[in-house]
Structure formats: C-alpha cells, structure tokens
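One-letter residues, chain by chain:
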Amino acid sequence: MRVLFYGTPAFALPTFHALLSHHHVAAAVTQPDRPAGRGQRSHASPVKALALKRGIPVLQPVRLRDPGWPERLAEHAADVAVVVAFGQILPRPVLDVPPRGSINVHASLLPRYRGAAPIAWAIIRGERETGVTTFQMDAGMDTGPLLLQRLTAIGVEETAGELAERLAVLGAEVLLETLERLDTLVPRPQASEAATLAPRLRKEDGLLDWTEPAAALAARVRGLNPWPGAYTVAPGGRLLIWRARAIAGHGEPGVLTPVQERLAVGTGDGLLEPIEVQPENRRAMDWDAYLRGARLGPGAPVGVTVPRL
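As the structure is a prediction and not an experimental result, all values here were calculated from the model. (Residues numbered from 1 in each chain as written. Predicted model: local features only at pLDDT ≥ 70, side-chain atom pairs only at ≥ 80, totals over all residues. Heavy atoms only, no water.)

*Asks:* Is there a simple way to explain the overall build of the protein chain in this structure?
*Replies:* Helix and strand counts for the protein chain stand at 8 helices and 15 strands. Judged by the C-alpha coordinates and their principal axes, the protein chain covers about 65 × 45 × 35 Å. Taking all 309 residues of the protein chain together, 50% fall into the buried category. Partitioning the contacts of the protein chain with sequence separation of at least 6, the portion at a separation of at least 24 is 65%. Summed over all atoms, the accessible surface of the protein chain reaches about 15000 Å², with 53% contributed by carbon and sulfur. Charged side chains of the protein chain number 34 positive and 31 negative; the gap between the two group centres comes to 5 Å. (Helix = DSSP H or I, 4+ residues; strand = E, 2+ residues; numbered from the N terminus. Buried < 20%, exposed > 50% of the residue type's maximum accessible area, 1.4 Å probe, protein only. Contact = heavy atoms within 4.5 Å. Areas by Shrake-Rupley, 256 points an atom, 1.4 Å probe, with all protein chains shown as cover. Lys, Arg positive; Asp, Glu negative; His and termini not counted. Charge placed at Lys NZ, Arg CZ, Asp CG, Glu CD.)

Structural data, given as structure tokens:
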C-alpha cells in the first residue's frame, strides 16, 4: 500500500520503521526544524532524520491550513495517510487527500485521554491500564471512528517515558494490523459521553502541592518524567524529583519527616520518599546524596503547599 506518513518525535519512529518494511512510504510529513540545545542550533525531527537516511521525500509545512498543501500532498498519490504524533491538526481538505482516508495511531484507549499528552495524564490520574487506538481521522481532536484497540497494563513504577517506549512499539503493531484488515474493519463511533481530555503539558504542571496525598504526588512524578519534570521549591532553589514512592506515615506537608532511619516528605496523606532528584543547575543524584550535600535534616521544609492554579 502506498502511504503518506505524518510524524515528528521519536514516538513515531517504530511505526515509520514498520511502514518502511511492509509498505511503500511515498513521503514523510514532519514539523519544521526547530532550534534546540544551548547554542539553539536548528535540529531536524527524528522522523525527518530517518526519512533522509532512507531516501524518502520530506515535507515540512509550517501550517497545513495554508493554501496549496492539499495539492502538494496529492502529488504523492498515496492510498492512505498514517499520522503518529505529528504536532498539527490536519484540516479536512488534507484529511481527504488519500482515497482511503487518514488513520491516526493514538496512545490511549479512546475516547479516554483525547489530546496531546495521553500517556502522561493516564499515569498522573492513577490509571492502571492504557493502550493504543487506531482511528479514522475527522476534523475533531481525536474524535474519529475507532478501528482497532490494544490494551496494556501500566507498571506500578513505570514513568511516562518508559510507557511511551512500549506504546510506540505496540502502536506500530496495531497500525500494521489495521492496514492489513482495512477492507474488512467496520469503524465504530466513539462514545463521546465517556471522553476525557489530555491537554498539552506545561512546566507549571510539575509543581508539587504537598497537601495532596502521597500516592497522587508519586503518580505525578512518574507522569511528568521525562518532561517537564515534577518539582518543588527547596531551600537551595528548584528541586526536580524524577523518581519517588508513596509510603505509610504522617508528617507536616512539605517538611522532612524521619521514617525507619530515612527521611521522607510529609504530604496531605502519607509520606513521599524521593529516590532520584536533581537540584537546580546540577546533575541528577540519589535522594540521600542530595540531603547530605544540602545539609537538610528532620523538620526542614523542602516544598511549598500552594495548590496549582
């Protein structure tokens, strides 16, 4: 099958590889190069890098809504479009270019977690399972009729980054099956009344409110790893918390509390024991090393208790 592939980040690569192995990719559509790093040099997306390596034509629209894009896309004569974490909403004229439609690979069990950050929000909200959905795209945000779904459990300590790696591979498998069965699959409308949203993450989402239960804070830490990172405002400045666990105990919210010869942080219900942290302008380190270097002991405040807006 001749495919037009839309994708940008590393999450899209397993599906891109799968299409290159089993179908003919007519062109890859990805976001424009962006400045990154300390020098703010222009960097190609992971999808562009792979496309150039494999000799696939690359298109980088600033806005697919601009005039002329449906015509340019139609020149590649694709049978179907496959979209994985592209980063732009595809307007109806673009969706309608391939005669067999545009199929999205989404990292949730739709209609739950529609939006830009389904993996992170599923973990933050304490879900124990998630999955991958392929669906026929329409003009809405992840609202099109469902094709195939595959469920997977979320690990007790699994971070968003770790889960994303698994779902990227699972998504490639589901997409290949979807294309193989495209003639016989009957698209199913989504139950909009069951929909939940997964909006784009902001850096402010990382602020830990220590009046929340420890279990909720541990889930937020996992859900925001690797970006934007959960953080608190400690005596030495912002402290990123990359890994943590909820444990039993009682303590004043945001204050270091001794528990079995260790120090944890009091919360609204239980204690949060950080495992890996990163002080401002320093490398990541284990919790004990941070406490020794910062010279913090029982009763020291390590966080604010102001709720997020």
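*Asks:* Sorry, what's going on with the packing of helix α1 (residues 13–22) against helix α6 (residues 160–180) here?
*Replies:* Pairs of packed helices are described in terms of their axes, by the angle between the two and the distance that separates them. Running from N to C, α1 and α6 cross one another at 35 degrees; their axes reach a closest spacing of 8 Å. Of the two possible hands of crossing, α1 and α6 adopt the one that is right-handed. Along its contact with α1, which presents P14, T15, A18, L19 and H22, the element α6 presents A168, V169, G171, A172, L175, L176 and L179. Partitioning the contact of α1 with α6 into residue classes produces 9 nonpolar, 3 polar and no charged. (Axes fitted to C-alpha atoms, helices over the stretch in contact; angles between N-to-C directions. Left-handed = near helix turned anticlockwise from the far one by under 90°. Nonpolar A, V, L, I, M, F, W, Y, C, P; charged D, E, K, R; others polar.)

*Asks:* Could you clarify how one ought to interpret α1 in this entry?
*Replies:* In an α-helix, one full turn covers 3.6 residues, which means residues spaced three or four apart are oriented alike. The set of residues buried in α1 consists of T15, F16, A18, L19 and L20. Buried positions along α1 lie against β1 (2–7), β2 (24–29), α2 (46–53), β6 (80–84) and α6.

*Asks:* Sorry if this is basic, but what is going on with the sheet that holds β1 here?
*Replies:* Strands pair in a sheet through their backbones, by hydrogen bonds, and they do so in one of two ways: parallel or antiparallel. Spatially, the 7 strands line up as an open sheet ordered β5-β2-β1-β6-β7-β8-β9, and their pairing is mixed. Two strands bound the open sheet, and with one partner strand each, they are β5 (58–59) and β9 (146–153). Note: β6 against strand β7 (residues 102–106), 3 bridges, orientation parallel. Each residue of the ladder has a partner; that of V82, found in β7, is I103. Strands in contact with α1 are β1, β2 and β6; relative to β2, the strand with the most contacts, it is inclined by about 150 degrees. Here α6 sits on the sheet in contact with β6, β7, β8 (129–136) and β9, set at roughly 145 degrees to β9. (Pairing = 2+ DSSP bridges.)

*Asks:* Help me understand the nonpolar core, please; the structure alone is not making it clear to me.
*Replies:* The nonpolar side chains of soluble globular proteins are, as a tendency, buried together. Among the nonpolar cores identified, the biggest contains 67 residues, and F5, F16, L256 and Y290 are the most heavily contacted of them. No other element matches α6, which puts 9 residues into this core. With residues near it in sequence (within four places) discarded, Y290 still touches A234, L239, V277, P279, M285 and L296. Core analysis: the second largest hydrophobic core is formed by 19 residues, L59, F86, V94 and L95 among them. (Core = buried A, V, L, I, M, F, W, Y, C linked by side-chain atoms within 4.5 Å.)

*Asks:* Please explain the environment of P189 as it appears in this structure.
*Replies:* Mapped onto the elements, P189 comes out in the loop between α6 and α7 (214–223). With 99 residues separating them along the chain, P189 and D288 place their C-alpha atoms 52 Å apart.

*Asks:* Explain the environment of V94 here, please?
*Replies:* As for its placement among the helices and strands, V94 is situated in helix α4 (residues 92–95). Residue classification places V94 among the buried residues on the basis of a relative accessible area of 1%.

*Asks:* Help me out: how do you make sense of the side chain of N225 in this one?
*Replies:* Looking at the secondary structure, you find N225 in the loop between α7 and β10 (230–234). With near-sequence residues (within four places) excluded, N225 lies in contact with T159, A160, G161, W242 and R243.

*Asks:* Explanation requested: the packing of aromatic side chains in the structure shown.
*Replies:* For any pair of aromatic rings, the description consists of the separation of the ring centres together with the inter-plane angle of the planes. Within the structure shown, the criterion is met by 3 aromatic pairs. Ring centres of F5 and F16 lie 4.7 Å apart, and the angle between their planes is 15 degrees; on these two criteria the pair is classed as stacked. With a gap of 11 residues between them, F5 in strand β1 and F16 in helix α1 connect regions that are remote in the sequence. Residues F5 and F16 agree in their burial class; the two are buried. For R238, the ring lying beneath its charged end belongs to Y231, and the centroid distance is 3.8 Å. (Phe/Tyr/Trp six-rings, centres within 6.5 Å; stacked < 30°, edge-to-face > 60°. Lys NZ or Arg CZ within 6 Å of the ring centre and 35° of its normal.)

*Asks:* Help me understand the pattern of salt bridges in this model?
*Replies:* Two side chains bearing opposite charge may form a pair once their charged atoms approach each other closely. Counted according to the given criterion, the structure contains 14 salt bridges. Among the salt bridges present, the one from E158 reaches R166, with a minimum N-O distance of 2.7 Å. Where E276 meets R243, a salt bridge forms, and the shortest distance between an N and an O atom there is 4.0 Å. Taken together, the positions of E276 in strand β14 (residues 271–279) and R243 in strand β11 (residues 237–247) put the pair 33 residues apart, joining distant regions of the chain. Its relative accessible area of 28% is what places E276 among the partly exposed residues. (Salt bridge = Lys/Arg side-chain N within 4 Å of Asp/Glu carboxyl O.)

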